[in-house]
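Below are the chains, spelled out letter by letter.
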Amino acid sequence: MTRTDHRSTRRRLVVALAATCASLVAAESVLWIAGLPGPAGDFHHLRGLGHDSTMFEPDPELFWRLRAGDPFEPANAHGLRGPLPAPVRSDRDFVVVCVGDSCTFGAGVRYDDTYGALLERALRRARPRQRIDVVLAAMGGWSSHQDRVLFDRLLASLRPDVTVLYTGLFNDYTPAIGTTDGERAHPSPLRLARLFARARESDRAIAAAEASFVGGKPVLAPRVPLDDYAANVTAIVQRARDAGSAAITVLPPRMQRMFEVYADGRGYLDATRSLARALGTTSIDPAPHFAAFVDRVQGDAREPEDPWPCFVDLGHPSITGHAILAELLAGAILPLVPGAAGDIPRIDADSESSTLPALNAGELVVGLDGAKRIDRAWLGDAWIPELDAPGDTRLRLRLPKLLPSGEFALELRGPEGIARTRRTWRVDALPLSARLAKSAAGCDELVVEGAGPRGWTVGVWLAASRRAAPRSTQFGPLVLEVAAGGEASFPPDAPYRFDRMPPAALSSGIDATERWVARMPVADVAALPSRLFVQALVLDSTRPGFGALSAVAELQR
């Protein structure tokens with residue numbers, strides 16, 4: 001090849017390179033003008049983690065948070081679940097911040113059944129003169145990266161006395177779809193690079209990543225590599241201590257099968273245990289306590305690989321699991337809470353209403369004798385998210401949509417601590433009725449009618465007798481005398497699973513009238529027992545466990 005040929009080849013290469021660069025610059029400019037790709041809040045990872053649910057909205061730093069305005073899961077000012085402390089602190093205030101993922105958030109249980117809410121209840125009953133707040137600084141699907149970002153955001157305003165860190169169960173080692181959490185938090189300034197990263201977030205890419213991850217041989221890096229996980233945990237603990245907070249590390253309990261399905265989880269659990277020792281934090285290991293409870297209440301009745309009674313799945317605690325966690329944490333935290341134990345003072349109160357419907361979302365105006373400023377209120381154990389004190393002696397409560405049935409006093413917290421009203425309010429049970437009727441075709445049928453929130457589903461169970469004492473379940477008390485799956489019932493203190501007992505009828509959904517009807521054919525009316533008890537369980541089908549209502553009726557022939 002001659003020198004002229006070499007020069008010609010170089011010129012062609014330079015022209016091609018210049019054209020390519022010009023095309024890239026033009027493409028980059030078009031993406032900037034169009035505002036593509038979307039913000040970091042447009043986050044994708046494994047299916048089924050719920051971050052893309054209607055419950056959530058994008059957050060540029062946290063990627064997602066609770067959506068404001070959800071009628072069943074009200075978000076606080078930080079997009080979190082549950083209440084926040086009063087902005088002005090006093091010597092009586094004691095704040096616990098629980099940092100974590102869906103386990104702390106309470107996936108599968110209502111807010112009032114989370115370990116954070118149960119812990120707060122235990123602490124305030126033991127120290128009624130203190131103003132105790134337990135904050136759930138957690139969200140479903142969050143990793144330790146998001147926990148660290150949120151903790152930095154909240155630290156100055158909350159100034160926790162105790163920080164509980166419960167992380168590392170699952171999300172950190174799930175495959176990074178497109179980018180790791182750290183990379184997404186600090187994206188490339190080049191829009192083309194970000195677009196190529198988003199291209200790896202297709203349904204096909206997610207499916208492939210999920211298949212390899214469950215198979216124990218992930219093809220992608222984790223959302224938070226192990227070294228970054230250790231750095232995040234260390235940073236949270238150190239920053240908590242710098243702010244004067246004690247630190248407690250929870251070793252996330254899980255079913256043994258979770259290690260078999262997701263092998264990488266053992267490395268993160270071992271890292272959490274090692275970090276707790278190295279950092280000198282108080283360490284809580286619920287696993288042996290879960291195992292002891294299972295052995296005590298179930299014994300041979302427990303099926304292999306059955307997560308109940310302590311879990312709802314391989315790793316999320318059930319109502320019972322949260323109760324055990326709360327008890328362990330209360331034992332560790334109570335010695336740190338100042339103030340002597342004492343009785344909760346009682347105050348006089350009045351209102352025009354003495355009964356409240358279960359499906360409420362209405363107001364209750366209460367007159368208080370000598371009340372001062374009230375900043376928190378509970379009806380029984382149910383937290384009332386919205387309240388207003390228009391005067392020194394009047395309190396207006398905006399009741400949530402769902403309330404458990406029963407008779408309850410109000411617990412009110414003000415500057416002096418907790419007080420309880422002498423009078424009580426009755427919360428009605430959900431309307432429910434059962435009758436025998438003829439269908440349009442002239443056949444006998446059992447017709448059960450009731451009420452519930454729009455869009456929820458209903459299961460109806462039947463039995464010839466009621467229990468002397470209700471049995472705890474994952475959703476509420478079971479009052480029917482029914483064996484699980486036709487087999488011997490579990491011991492009385494073992495939480496019962498409704499899914500072991502298929503319903504006699506299942507409603508497809510509750511319409512806009514908030515009424516529902518279930519119809520069951522009856523082959524032989526004479527064969528029915530003289531007394532038939534009916535229990536209806538009303539569930540949010542899109543978020544099982546986040547809300548549930550139960551009602552019971554009796555049919556006499």
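All of these numbers come straight from a predicted model, not from anything done at the bench. (Residues numbered from 1 in each chain as written. Predicted model: local features only at pLDDT ≥ 70, side-chain atom pairs only at ≥ 80, totals over all residues. Heavy atoms only, no water.)

Novice: Explain the nonpolar core here, please?
Specialist: Taken as a class, soluble globular proteins show a tendency for nonpolar side chains to be buried jointly. Grouped together as the largest cluster of nonpolar side chains are 72 residues, with contacts concentrated most on V96, L119, V164, L329 and I333. Element by element, the count of residues in this core is highest for helix α12 (residues 319-333), at 7 residues. Among all residues touching I333, those that are not within four sequence positions of it are F94, V96, L119, L123, V162, V164 and I248. Grouped together as the second largest cluster of nonpolar side chains are 25 residues, L359, L446, A505 and L555 included. (Core = buried A, V, L, I, M, F, W, Y, C linked by side-chain atoms within 4.5 Å. Buried < 20%, exposed > 50% of the residue type's maximum accessible area, 1.4 Å probe, protein only. Helix = DSSP H or I, 4+ residues; strand = E, 2+ residues; numbered from the N terminus. Contact = heavy atoms within 4.5 Å.)

Novice: Help me out: how do you make sense of the environment of I374 in this one?
Specialist: Relative to the helices and strands, I374 resides in the loop between β11 (363-368) and β12 (376-379). Residues I374 and D388, 14 residues apart in the sequence, show an inter-C-alpha distance of 8.3 Å. Apart from residues lying up to four places away in sequence, I374 is in contact with L368, L387, L395, L412, R413 and G414.

Novice: Please explain the pattern of salt bridges as it appears in this structure.
Specialist: It is possible for side chains of opposite charge to pair when their charged atoms get near one another. Counted by the stated rule, this structure contains 31 salt bridges. One salt bridge connects R394 with D350, and the closest N-O pair in it is separated by 3.9 Å. With R394 in strand β15 (residues 394-398) and D350 in strand β9 (residues 349-350), this residue pair connects regions lying 44 residues apart in the sequence. Since its relative accessible area comes to 37%, R394 is described here as partly exposed. We classify D350 as partly exposed; its relative accessible area is 42%. (Salt bridge = Lys/Arg side-chain N within 4 Å of Asp/Glu carboxyl O.)

Novice: Hey, could you run me through the packing of aromatic side chains in this one?
Specialist: The relative placement of two aromatic rings is captured by the distance of their centres and the angle of their planes. As enumerated under the stated definition, the model contains 7 aromatic pairs in all. For the ring pair Y173 and Y268, a centre distance of 5.3 Å and an interplane angle of 40° mean the geometry is tilted. Remark: Y268 occurs in helix α10 (residues 265-279) and Y173 occurs in the loop between β5 (162-166) and α5 (181-185); sequence separation between them is 95 residues. Across the pair, Y268 and Y173 agree in class, each one buried. An aromatic cluster is defined as three or more aromatic residues linked by ring pairs; in this entry it consists of F170, Y173, Y229, Y262 and Y268. Over the face of the ring belonging to F105 we find R81, whose NZ or CZ atom lies 4.9 Å from the ring centre. Here R423 stacks its cationic end above the ring of W425, 4.4 Å away from the centre of that ring. (Phe/Tyr/Trp six-rings, centres within 6.5 Å; stacked < 30°, edge-to-face > 60°. Lys NZ or Arg CZ within 6 Å of the ring centre and 35° of its normal.)

Novice: Before we go on, may I ask you to explain the sheet that holds strand β7 (residues 282-284) in this structure?
Specialist: With parallel pairing, 5 strands are arranged side by side in an open sheet as β4-β3-β5-β6-β7. Across the chains shown, the open sheet's two edge strands, defined by having one partner strand only, are β4 (131-138) and β7. When the angles between neighbouring strand axes are averaged without regard to direction, this sheet yields 20°. On top of the sheet, helix α3 (residues 115-126) reaches β3 (93-100), β4 and β5; it is set at about 170° to β4, its chief contact. Against the sheet, helix α8 (residues 226-242) touches β3, β5 and β6 (246-250), its axis set at about 170° to β5. (Pairing = 2+ DSSP bridges. Axes fitted to C-alpha atoms, helices over the stretch in contact; angles between N-to-C directions.)

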